[in-house]
Amino acid sequence: MVTRYMLGNEAIAHACCEADLDFASGYPGTPSSEVIDTLRIQKERDFYIEWSVNEKVALENALGASWTGVRCLVTMKHVGLNVAADPLMTSGYTGIKGGMVILSADDPYAHSSQNEQDSRNYAKFAKIICLDPANVQEAHDMMKISYELSEEFLLPVLFRPTTRICHSKSNVELSPSGEEHRTGQFEKNPAQYVVIPVHTRVLHKKLNEKQISLSKRLLELNLNFAEIRGKTAVIAGGIAAEYVKEIIPDDVSFAKIGAYPINREWLSEFVEKHEKVLVIEELSPVIEEETAQVACNAKIFGKINGCVPHEGELDQASVALAFEKAGIKSKKSFDGEIQPVTGLPPRPPILCAGCAHRATFYAMKKVFGKKAVYPSDIGCYTLGIQLGTVDTTICMGASITVGSGIAHSGDDSDVVCTIGDSTFLHTGIQGLLNAAYNGANMTVVILDNRITAMTGHQPNPNTGLTAKGEVSPVISIDSICRSCGVSFVETIDPYDLTAMLNTFKAAKETKGVKVVISRQPCVIAARRQGIKRRAFSVNTEACIGCGACVKFGCPAIEFYDEKASINELCSGCGVCADICPKGAITQEVSK
Ligand code: SF4
Ligand code: SF4
């Protein structure tokens, strides 16, 4: 046993190696991405690993591998579970063979997400096991237990860390990586793996019959436990249980829920020993609803009566406030704690200096104007909202589909969608196929930076590398678009402003679906690969202080004393030089 200071996601990845992982797949999404990123670079254990093109594909891949008997991991962020929901909902029926863990990382407070959905609801819906760690060490330990439980009950386990667990660092006790390597062998079993109605009805009954023994096993493993200390009780789950432990008085009973399904008999027995029960958990009232259903005499406090917020993250202070609202005196007071500083100027996130997306947005706006509708998608380019070129964003791949709906609505505005290469391959293709087939009049701009940038530069089929860094054929986005039925497909360099403007003008004048592929590697990825462009600077003699370059929004451009200047962030894209009406911006001469 060794102790190492590590990130939650690294601890989870290490636990998978300790548990003899044979197969890993996933789609990047904050806060889950570092699990696969850690697994793909670790040297202790050799196994198959891939970045899949979306979460549904990742889960189905892992399910197939599990049916051959190998141990599998599939990772995603919480909204990715929506994409994978179709196979997820039937995976409990078919069951698994080799242990299978579906990691769905939740993001309370929506630090980098479009919603705050709670993956525990999916586990309940699919009637599969869910483990909900409270700290980094527990995340490590629970991941190992997940594989045992999965194989004991022949069910996938939904593993649900939250952002605070994934991205916190802590000392973690680790064991060596496992040495068992299984070789997959698929054994035909149509009654189990072919969900025709006659099989499904039997499989559903079997799944239901597992629920009680499963909930009892979670108690035996001490994943759910209770301590009776008085007539008042607090029940908490996930990271909230850690906050509760720090402030709960000695005469208040405590129950911790780390795993689902909760055994109802046990919960009822605990609740009825108390007059008052406060339930504390982040996001959905999953524990609270179960508690309210079993309570006969005890008064229940929680989200239902406003003691605990329904949204956002909890912390010690908000948990102490919940105690106060429920009439429980917490052990620690938070009066006089350091308060956040207020009144600071807002610092919205912006695209990097030299980001090709900025140049694309600029040209789009120039040609299509303010009145055009700009549906966008999930990726760095959502930051185009600062440039007035993002009017809608809902979920992966929805720019083209939402745009198609607007185009068919009778609104005669130009519709110009933006979508990244990774998102296009994830769920954008079907939207384009549908738009072309049904004759939408719209322009689709594929912001092709050849990588999945926002989540940490993971490769995708457009990068030409696998998760392990092996060379793989680069797919042709141009050919995909043409085979979807689009005849106007143009690929342009966003740093070539004139060509961009001309291409967008041609798209505006053409009816039907037009695709413009704006291709330039991510500026950060390019720099890491050693691509360097000479920086630009402003000739203050020539600068008339018109501010046209400043409006472009590059963080390398500053404005002092009625003149523009360029700072050290400049990555040499040259677009501002094309924008300047006086030719005052020029590339520096190499020294
Ligand atoms: S050339 Fe201009 S737009 Fe490009 S990174 Fe430098 S300052 Fe920014
Ligand atoms: S666009 Fe040219 S002239 Fe106008 S402020 Fe910038 S550098 Fe000066």
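The model shown is predicted, which means the values in this text are computed figures rather than measured ones.

> Explain the overall build of the protein chain to me, please; I cannot follow it from the model alone.
Each helix and strand counted, the protein chain has 22 helices and 22 strands in total. Taken against the 2.2 N^0.38 rule, which gives 25 Å for 591 residues, the C-alpha radius of gyration of the protein chain at 27 Å falls within 12% of a compact globule. Over its C-alpha atoms, taken along the principal directions, the protein chain stretches across nearly 80 × 65 × 55 Å. For the protein chain, buried positions account for 54% of its 591 residues. Long-range pairs, those at least 24 residues apart, make up 75% of the contacts in the protein chain with a sequence separation of at least 6. Per element, the accessible surface of the protein chain, about 26,000 Å² overall, is 53% carbon and sulfur. With 59 positive and 68 negative side-chain charges, the protein chain shows a separation of 3 Å between the mean positions of the two kinds.

> Teacher, can you tell me more about the site of ligand 1 here?
Around ligand 1, a shell composed of 14 residues is seen, among which Cys554, Cys570, Cys573, Gly574 and Cys576 lie nearest. Grouping the constituent residues of the shell around ligand 1 by class yields 10 nonpolar, 4 polar and no charged.

> Help me understand helix α19 (residues 497-509) in this model?
One turn of an α-helix holds 3.6 residues; hence residues three or four places apart share an orientation. Its 13 residues give α19 an end-to-end C-alpha distance of 19 Å, which sits within 8% of 18 Å, the value for a rise of 1.5 Å per residue. Looking at the buried side of α19, the elements it contacts are α15 (356-368), β16 (442-448), β17 (488-492), β18 (513-519) and α22 (575-579).

> Explanation requested: the environment of leucine 283 in the structure shown.
Looking at the secondary structure, you find leucine 283 in the loop between β13 (276-280) and α13 (286-294). Sequence separation between leucine 283 and phenylalanine 125 is 158 residues; the distance between their C-alpha atoms is 17 Å. Ignoring sequence-local partners within four residues, the contact set of leucine 283 consists of Pro108, Glu116, Gln117, Asp118, Arg160, Lys303, His310, Glu311 and Gly312.

> When you look at the UniProt feature "binding site: [4Fe-4S] cluster 1" (unreviewed entry) in the protein chain in this model, what are you seeing that I'm missing?
What UniProt calls "binding site: [4Fe-4S] cluster 1" (unreviewed entry) maps, in this numbering, to Cys543, Cys546, Cys549 and Cys580. In summary, the annotated positions, though distributed over 38 residues, converge in three dimensions, the widest C-alpha pair being only 10.5 Å. When you line up the elements, cysteine 549 lands in helix α21 (residues 548-552). Residue position: cysteine 580 is located in the loop between α22 and β22 (585-587).

> When you look at the packing of aromatic side chains in this model, what are you seeing that I'm missing?
In this description, an aromatic ring pair is defined by two values, namely the gap between the centres and the angle between the planes. Applying the stated criterion to the full structure yields 6 aromatic pairs. Taking 5.4 Å as the distance between ring centres and 85° as the angle between the ring planes, the aromatic pair formed by tyrosine 362 and phenylalanine 552 counts as edge-to-face. With a gap of 190 residues between them, tyrosine 362 in helix α15 and phenylalanine 552 in helix α21 connect regions that are remote in the sequence. Looking at phenylalanine 552, the relative accessible area reads 5%, which means it is buried. A cation over a ring is seen here: lysine 276 above phenylalanine 301, with NZ or CZ 5.7 Å from the ring centre. A cation sits over an aromatic face here: lysine 299 above phenylalanine 301, 5.0 Å from the ring centre.

> Please explain the site of ligand 2 as it appears in this structure.
As a matter of local geometry, ligand 2 sits amid Val538, Cys543, Ile544, Gly545, Cys546, Gly547, Ala548, Cys549, Ala564, Cys580, Pro581 and Ile585. Here the shell around ligand 2 is built from residues that sort into 10 nonpolar, 2 polar and no charged.

> Whenever I open this one, the pattern of salt bridges confuses me. Can you help?
It is possible for side chains of opposite charge to pair when their charged atoms get near one another. All told, the structure shown has 31 salt bridges when counted by the stated rule. Taking the shortest distance from any N to any O, the salt bridge between glutamate 18 and lysine 144 comes out at 2.8 Å. Of this pair, glutamate 18 sits in helix α1 (residues 8-18) while lysine 144 sits in helix α7 (residues 136-153), and the two are 126 residues apart along the sequence. The exposure class of glutamate 18 is buried, given its relative accessible area of 8%. Residue glutamate 227 is joined to arginine 229 by a salt bridge in which the shortest nitrogen-to-oxygen separation is 2.5 Å. In this structure, a network of salt bridges that share partners links the residues Asp106, Asp118, Arg120, Asp132, Arg160 and Glu281.

Calculation criteria
- Residues numbered from 1 in each chain as written.
- Chains lettered and ligands numbered in written order.
- Predicted model: local features only at pLDDT ≥ 70, side-chain atom pairs only at ≥ 80, totals over all residues.
- Heavy atoms only, no water.
- Helix = DSSP H or I, 4+ residues; strand = E, 2+ residues; numbered from the N terminus.
- Rg over C-alpha atoms; globule rule 2.2 N^0.38 Å.
- Buried < 20%, exposed > 50% of the residue type's maximum accessible area, 1.4 Å probe, protein only.
- Contact = heavy atoms within 4.5 Å.
- Areas by Shrake-Rupley, 256 points an atom, 1.4 Å probe, with all protein chains shown as cover.
- Lys, Arg positive; Asp, Glu negative; His and termini not counted.
- Charge placed at Lys NZ, Arg CZ, Asp CG, Glu CD.
- Near = heavy atom within 4 Å.
- Nonpolar A, V, L, I, M, F, W, Y, C, P; charged D, E, K, R; others polar.
- Expected span 1.5 Å × (residues − 1).
- UniProt positions renumbered as here; feature names shortened; annotations may be inferred.
- Phe/Tyr/Trp six-rings, centres within 6.5 Å; stacked < 30°, edge-to-face > 60°.
- Lys NZ or Arg CZ within 6 Å of the ring centre and 35° of its normal.
- Salt bridge = Lys/Arg side-chain N within 4 Å of Asp/Glu carboxyl O.

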